[in-house]
Amino acid sequence: MTQNSRRVFLKGLSLATVAALVSPSLLLSRESEAKAAAVTGSGTDWKITGSHWGAIRARVAGGKVVEIKAFEFDKYPTEMIQGIIGLIYSPSRIRYPMVRLDWLKNGHKSDTTQRGDNRFVRVTWDQALDLFYSELERVQTSYGPWAMHTGLVGWRQTGQFHTCGNHMLRAMNMHGHTISTAGDYSTGAGQVILPYVLGSTEVYSQGTSWEVILKESKTVIFWASDPVKNLQVGWNCETHESFAYLEQLKNKIAKKEIRVISIDPVKSKTQNYLGCEKQYVNPLTDVALMMGLAHTLYTEKLHDQQFLDAYTLGFEKFLPYLLGQGADKTAKTPEWAEKICGVKAQQIRELARLMASGRTQLIFGWAVQRQQHGEQPYWMGAVLAAMLGQIGLPGGGISYAHHYSSIGVPSSGAAMPGSFPLNLDPGKKPKYTNTDYKGYSPMIPCARAIDALLEPGKVIDYNGQKVKLPPYKMAIYSGCNQWHRQQDRNRMKKAFHRLETVVAVDYTWTATCRFADIVLPACTQFERNDIDAYGSYSGRGVIAMQKLVDPLFSSKTDFEIFRGLTQRFGRDKEYSRNMDEMQWLAFLYENCRKENGSKFPMPPFKEFWAKGFVLFPAGKPWVRHADFREDAEINALGTPSGFIEIFSRKIASYNYADCPGHPVWMEKSERSHGGPNSKRFPLWMQSAHPDKRLHSQMCDSEPMRATYAIQGREPLFMSPEDARQRGIKHGDLVRVFNDRGQALVGAHVSSDFPKGVVRLQEGAWYGPTGPEIGALDTYGDPNTMTQDIGTSSLAQAISANTCVVEVEKYKGKAPAVTAFGGPTEVMPK
Amino acid sequence: MNASTVTPEPAEAAPADQRAALYAWFATLYARELSEAQLQTWFSGAAEPLFDVLAQAGFAAEVQDMQGAINALRDLPDAQLELAADYTMCFLLDVKSSALPYASCYLGEHKTLFGPEEKAMREKLERYGLGLDSNYPEAADHLAIQLELLSWLAMTGKALDEQELVASLLRWVPEFSQKCQTIVTQVAFYPALSRMLCRLLQEESAALTDLSPQN
């Protein structure tokens, strides 16, 4: 355009031309408008708050969080706290309530195949909550409780008051009955099998104190456990106290005062940190290795018969299987095991002898139970520990959770603050009292949530019961990312076509939100006041979670969202008990203070809030199962017999082919290293917990992702040999695939990984090229490839780690990442 | 932007109130979805005089796209919703799906919301004694707010500041506009609007540069 045309243009434009098309200005003169929002805000302020990643102090300047540092008590903070600013200000934040356009037009009769294609419309909070409420009414009155599903809430944002699951459930419980879930995605198999064997879930139980292990153990076995990676995060506000003990362990290893062996196909972060020994095992074959160990212990008379006699039940029923006198007529010798697990028979014998030669602490991670037949390695681990006879001794026995929430740090014994109630207050009833589930089960094992949609009415076994899967019509997900944790994306796409209405409440555009109809923006935990336990198991204190900034854009706290929902059926006062946020915090805190009394003195709430924390003295060292060992009758386990059950009559009575009465080795539906389907898909893909996220949380933090992504994609860790064979170099874009799905990822070649093993960390956000079945995932969500089958008829938990894939160098123009912002072009160093 | 395409002789500035009106028009369109009433105003032909001058000024292609969009909307049963969904697709989803209308999402190291650009805008507003409408819970570097400020600067005769803000917008609006073109929309209204804004800013930059004291 020339100056000439410019003049013409301007001459033609009069104010009247646009007057009708212009709205009043968004800018106000500050002198004339007292109510104008503060523009810059003044001053600088340090505040304290807690998180899964630990307690932090945050500097707030000009109304914005500008700096984060670890709380001074935390001597081993995780680098992930530096991702928090990126999480708050993530360009993937949900800024306004949204409704999927076709759903807004057609309601529950919308074209559900459009789910995932992102055509949404902004609505007001009133509109959004009205629609949400009218759907609750429609589903309860036209179907009944079997059609309403509340998704399991897992790693919600921290904070005892705002805990999002409780808000959703209390509001839903006030309205009517629903389909709930059993179990969880982390420990689904473990938490079902171990009560039969050891009398409690074990996975969520306090374990023998590290101090005791450091002092008494001659050998520590980390069995598929990676505490250095996983202890960065905690269920409540994490203290990171375990790391002090891991540092001592490292020093003892260096001085050869202890033997520590990591049994794992890969060289874990823990192994790299500790500098400990490694025992390779073929993926998914741990049970075979354990059988070989047990066979050696028994045949070489290294087992503790006295312990087995005094504290266990059913060893004699297990023995024929072990020795080849059972139906399969196969002795589980080390030679037998070697062929399956890839560990030399002689090595197996030496390992068994080492374990029996002195005090041995077995420490299991959770990954081995996130596979088909995931009950077996935990059960067999308990059998091994029982044969060693050290359960209940200091520095001996078995643990299933030393990688979790600082388990192993002694408990202070102080009470921790309670949470916002998820149930109705006493004497109250829901608006709809209908409990007619039309023959369907009111509860489904959480991992079978997709089966319920695709196989309506199917009767499945679950933990000794029959479950008739309800084809629920409406699902509500709050603070949880169903499209991260559930397996097999393409199967999920088909299943979600059958849902009439999906509501998602979250602070960021997760894939679950993209596949929802009504999307409600919650604020982050950094935009609300709360309190939390400091140390889930250690109970080291109570931490104030001071609001750093006001809720961004139109986001609200879960409390406000669900209070607004209950207002629509006149129950909001009951919902909130007529208290606001700070009144609730004072209430929860003062209850805790009262409970702790003079034993654990706490200052009054106001004083606590100003200071930001209260700490309790460290607890005393403790030994798991010591009381049981001391007196097995008085301190009987919670098993049916009260003893450790090597053979479970109860489980045997269920007659499950995939989970008989004692632990057994079973081949998997697919397996690398010579197992089923390994010719077509020779690589085992493990979807371990991520190192630089908490599941899918913080995947949207741009600065954090920039530290690990490869060409803007999730890294796929693989061995140098596998990479070489496929012409792949570190930093290349590669396609990982099997018959279930495909994803575009960045090759991270590392000698920590053996041939035949790749790792794609779970929690990577799903970002398909389109809503169609089979679409390429552009970022690298492992659950695009994993299979959605139950561990067994017993636990029906996820089997994500039973997954084989192939990898190829990606050729052609790579589609842009659709999972969130980016692509952040970061080439690996 | 590209001064070499501009004739060398100094040009007179466009009447400031006209620029102010035009920026306010853009600000209105970026601030929110069009309401049913606003859309009816458009359907009644209220935009035609503006389209005429814009078309004559060299924006014929964009005008044609916008007119085409309005005409297409006339035939749709849920015109307001469809255009609102286009607005959402273009500006309201996450950074990857949408062309987020914030400077911070294009400039700076990490491209997050509320980045340094947002802080700079808030400081700028404060300097001018301006506040944000508390009913508009947006980041200060939102395109609509920046265009409102541009309109205000034109109206209050702060030519140098106006020039500076145009230059500042041109650091990211081209990328923003480019992104808009890649988004699948029902009608071409917002992609065309963004192309038009981008070109207009470039023209203004060139014209204002000619007016600056250095020339």
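Along every chain, residues carry numbers that run from 1 in the direction the sequence is written. Chains and ligands are labelled by the order in which they are written, letters from A for the one and numbers from 1 for the other. Where totals are concerned, whole chains, interfaces and linings use all residues; where local detail is concerned, this predicted model gives features only for residues with pLDDT of at least 70, and gives and counts side-chain atom pairs only at 80 or more. The side-chain quantities take in all heavy atoms of the structure and omit both hydrogens and water.

## A short note on the overall build of chain B
So the rule is basically this: Strands here mean DSSP runs of E at least two residues long; helices mean DSSP runs of H or I at least four residues long; both are numbered from the N terminus. Any residue under 20% of the maximum accessible area for its type is buried, any over 50% is exposed, and the rest in between are partly exposed; the area is computed with a 1.4 Å probe on protein chains only. Two residues form a contact once any of their heavy atoms are found within 4.5 Å. The method behind every accessible area is Shrake-Rupley, applied with a 1.4 Å probe, and residues are considered shielded solely by the protein chains displayed.
When you go through chain B residue by residue, the secondary structure sums to nine helices and one strand. Evaluated residue by residue, chain B yields a buried proportion of 60% over its 215 residues. Counting contacts in chain B only where the partners sit at least 6 residues apart, residues at least 24 apart contribute 68% of the total. Approximately 7900 Å² of chain B is accessible, and the part contributed by carbon and sulfur atoms is 52%.

## Observations concerning the overall build of chain A
To keep things clear, this is the line we draw: Restricting the calculation to C-alpha atoms gives the radius of gyration, and the globule rule supplies 2.2 Å times the number of residues raised to the power 0.38.
Summing up its helical and strand segments, chain A has 29 helices and 30 strands in all. The globule rule puts the C-alpha radius of gyration for 829 residues at 28 Å, and the 28 Å found for chain A is close to it. Referenced to the eigenvectors of the C-alpha coordinate spread, the extents of chain A come out at roughly 100 × 70 × 60 Å. By residue count, 66% of the 829 residues in chain A fall in the buried class. Carbon and sulfur atoms make up 51% of the accessible area of chain A, which totals about 27400 Å².

## Considering the sheet that holds strand β22 (residues 541–545) of chain A
To summarise the sheet geometry, strands pair through backbone hydrogen bonds and adopt either a parallel or an antiparallel arrangement. Residue and element names in this part refer to chain A. Spelled out, the test is: Each pair of strands is called paired provided DSSP finds at least two bridges between the two strands. Here the axes come from fitting lines to C-alpha atoms, over the contacting stretch only for helices, and the angles between their N-to-C directions go from 0 to 180 degrees.
Spatially, the three strands line up as an open sheet ordered β21-β22-β23, and their pairing is antiparallel. Sheet topology places β21 (530–534) and β23 (613–615) at the edges, where each strand pairs with a single neighbour. Each neighbouring strand pair of the sheet contributes to a mean axis angle of 20°, computed without reference to strand direction. In this fold helix α24 (residues 581–596) packs onto β21, β22 and β23, with an angle of close to 30° to the strand it touches most, β21.

## Section: the side chain of Gln376 of chain A
As for its placement among the helices and strands, Gln376 of chain A is situated in helix α17 (residues 375–388). Accessibility expressed as a relative area gives 1% for Gln376 of chain A, which makes it buried.

## Let's talk about the packing of aromatic side chains
How we decide: What counts as a ring pair is set by centres within 6.5 Å for rings of Phe, Tyr and Trp (its six-membered ring), and what kind of pair is set by the plane angle: stacked under 30 degrees, edge-to-face over 60, tilted for all other angles. Any Lys NZ or Arg CZ found within 6 Å of a ring centre and within 35 degrees of that ring's normal is scored as a charge over the ring.
Scanning the entire structure with this criterion turns up 66 aromatic pairs over all chains. Between Phe600 of chain A and Phe616 of chain A, the ring centres sit 5.6 Å apart and the planes meet at 70°, which makes this aromatic pair edge-to-face. A residue pair is termed long-range when its members are at least 10 positions apart, and Phe600 of chain A in the loop between α24 and α25 (605–611) and Phe616 of chain A in the loop between β23 and α26 (626–630) qualify at 16 residues. Residue class for Phe600 of chain A comes out buried when judged on its relative accessible area of 9%. By the ring-pair criterion, three or more aromatic residues cluster together here, those being Trp25, Phe26, Tyr30, Trp42, Phe51, Tyr87, Phe91, Tyr106, Trp172, Phe176, Phe189 and Tyr190 of chain B. Sitting over the ring of Trp235 of chain A, Arg156 of chain A keeps its end group 3.9 Å from the ring centre.

## Looking at the nonpolar core
To be explicit about the condition: We call a set of buried residues a nonpolar core when its members are Ala, Val, Leu, Ile, Met, Phe, Trp, Tyr or Cys and they connect through side-chain atoms within 4.5 Å of each other.
Phe132 and Trp223 of chain A together with Trp25, Trp42 and Phe189 of chain B are the most contacted members of the largest nonpolar core, which totals 269 residues. In terms of residue count, the dominant contributor to this core is helix α3 (residues 48–74) of chain B (eleven residues). With sequence-adjacent residues up to four places away left out, Trp223 of chain A is seen in contact with Ile263, Asp286, Leu289, Met290, Leu293, Met355, Ile363, Phe364, Gly365 and Leu384 of chain A. In terms of nonpolar packing, the next biggest core, distinct from the first, is built from 18 residues, Leu231, Leu274, Ile363 and Val409 of chain A among them.

## Things to note about the confidence of the model for chain A
Rules: Confidence of the predictor in every single residue is expressed as pLDDT, which spans 0 to 100.
In this model, chain A carries a mean pLDDT of 94, and residues with pLDDT of at least 70 account for 95%. The model gives residues 821–829 of chain A a pLDDT under 50, and that stretch makes 28 contacts with residues more than four places away or in other chains.

## What to know about the sheet that holds strand β14 (residues 397–399) of chain A
Residues and elements named next belong to chain A. As summarised here, the arrangement of the five strands in space is β11-β10-β9-β13-β14, forming an open sheet in which the pairing is parallel. If you trace the sheet from one side to the other, it starts and ends with β11 (277–279) and β14, each paired once. Averaged over all pairs of adjacent strands, the angle between strand axes in this sheet comes to 20°, irrespective of strand direction. Pairing of strand β13 (residues 360–364) with β14, which is carried by three bridges, proceeds in the parallel orientation. Within the sheet, the bridge partner assigned to Gln361 lies in β14 and is Gly397. Each of β9 (219–223), β13 and β14 touches α17; the most contacted strand, β13, lies at about 175° to it.

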